[in-house]
Amino acid sequence: MNIKILLVFPLSFFPILGFSQNQQISDWQKVNQNVILIESRDFTPAFEEQLIALKQDFIVYTDEISMNDINRFESKSNEKTTANLLKNDGGNQIIKDWLGQNPNVKIISRTDFENASTEKQNSLINNDALILIGDKLTTTDIENYETTH
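As the structure is a computational prediction, the values presented were derived from the model and not from experiment.

Participant: What is the right way to read the environment of E64 from this model?
Facilitator: Looking at the element boundaries, E64 is found in the loop between strand 2 (58-61) and helix 3 (67-89). Judged by its relative accessible area of 55%, E64 is exposed. Between the C-alpha atom of E64 and that of I38, which follows or precedes it by 26 residues, the distance is 9.9 Å. Residues within four places of E64 in sequence aside, it is in contact with N22 and D69.

Given below as C-alpha cells:
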C-alpha cells in the first residue's frame, strides 16, 4: 500500500510543475505581447530578415516554448539594451551608476599614477584604487577594475 503512494506522488507532482511553467509563459506573454513566438519549422532566413527589418522582437523555439527560451531572449535583450546605452551616451549613465554604487573607490588618472612616487603607487594599488587607462573614467576602466577586484 505504501509503495503505491510513493509511486503515485511523483506522477501527480510532474503535471503541477508543467502547469506552473505554462502559467509563467502565459503571464510573460501577456506582459510582452510585442514578442512573436515562432516554431523553428516555420522560421526561414527570409522570414528572419523581414522581422529584423521591421525591428520585430521574436523567439524561435523547438516543439514547445519553454522558460529557458524566454530567459535566453531576455538575456540577449539585456545585452542589446546595455550596448545601445553605451552607443547613445558613451556609457555616461553606466559610469554615473557605478560611481554611485562605489563611492569609496579612489580613482586616479594614469598621468597622476605615473608621476607618483613608488611608495604612493604601491599604496594606491594596495588600497584597491582604480587606476585609469587614461585621464578620464571610461566603461573599460570600470570593466577592468571589476574583473580584478
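Participant: Help me understand the pairing of strand 2, please; the structure alone is not making it clear to me.
Facilitator: Each regular strand displays side chains that alternate between the two surfaces of the sheet. Of the pairings in the sheet, the one linking strand 1 (residues 36-39) to strand 2 comprises 4 bridges and is parallel in character. Counted as the bridge partner of I36 is F58 from strand 2. Of the crossover connections in this fold, the one passing from strand 1 over helix 2 (residues 45-53) to the parallel strand 2 is right-handed.

Participant: Quick question: what am I supposed to make of the packing of helix 4 (residues 92-101) against helix 7 (residues 139-148) here?
Facilitator: Packed helix pairs are specified by the crossing angle of their axes together with the interaxial distance, meaning the distance between the axes. One way to put it is that helix 4 packs onto helix 7 with a least axis distance of 9 Å and a crossing angle of 45°. As summarised for this structure, helix 4 and helix 7 are arranged oblique, according to the angle between their axes. Judged by the sense of rotation from one axis to the other, the crossing of helix 4 with helix 7 is left-handed. Contacts between helix 4 and helix 7 involve I94, I95 and W98 from the former and T139, I142, Y145 and E146 from the latter. Its residues placed into classes, the contact of helix 4 with helix 7 shows 5 nonpolar, 1 polar and 1 charged.

How each quantity is defined
Residues numbered from 1 in each chain as written. Predicted model: local features only at pLDDT ≥ 70, side-chain atom pairs only at ≥ 80, totals over all residues. Heavy atoms only, no water. Helix = DSSP H or I, 4+ residues; strand = E, 2+ residues; numbered from the N terminus. Buried < 20%, exposed > 50% of the residue type's maximum accessible area, 1.4 Å probe, protein only. Contact = heavy atoms within 4.5 Å. Pairing = 2+ DSSP bridges. Right-handed = clockwise from strand over helix to strand, strands pointing away. Axes fitted to C-alpha atoms, helices over the stretch in contact; angles between N-to-C directions. Parallel < 35°, antiparallel > 145°, perpendicular 65-115°, else oblique. Left-handed = near helix turned anticlockwise from the far one by under 90°. Nonpolar A, V, L, I, M, F, W, Y, C, P; charged D, E, K, R; others polar.

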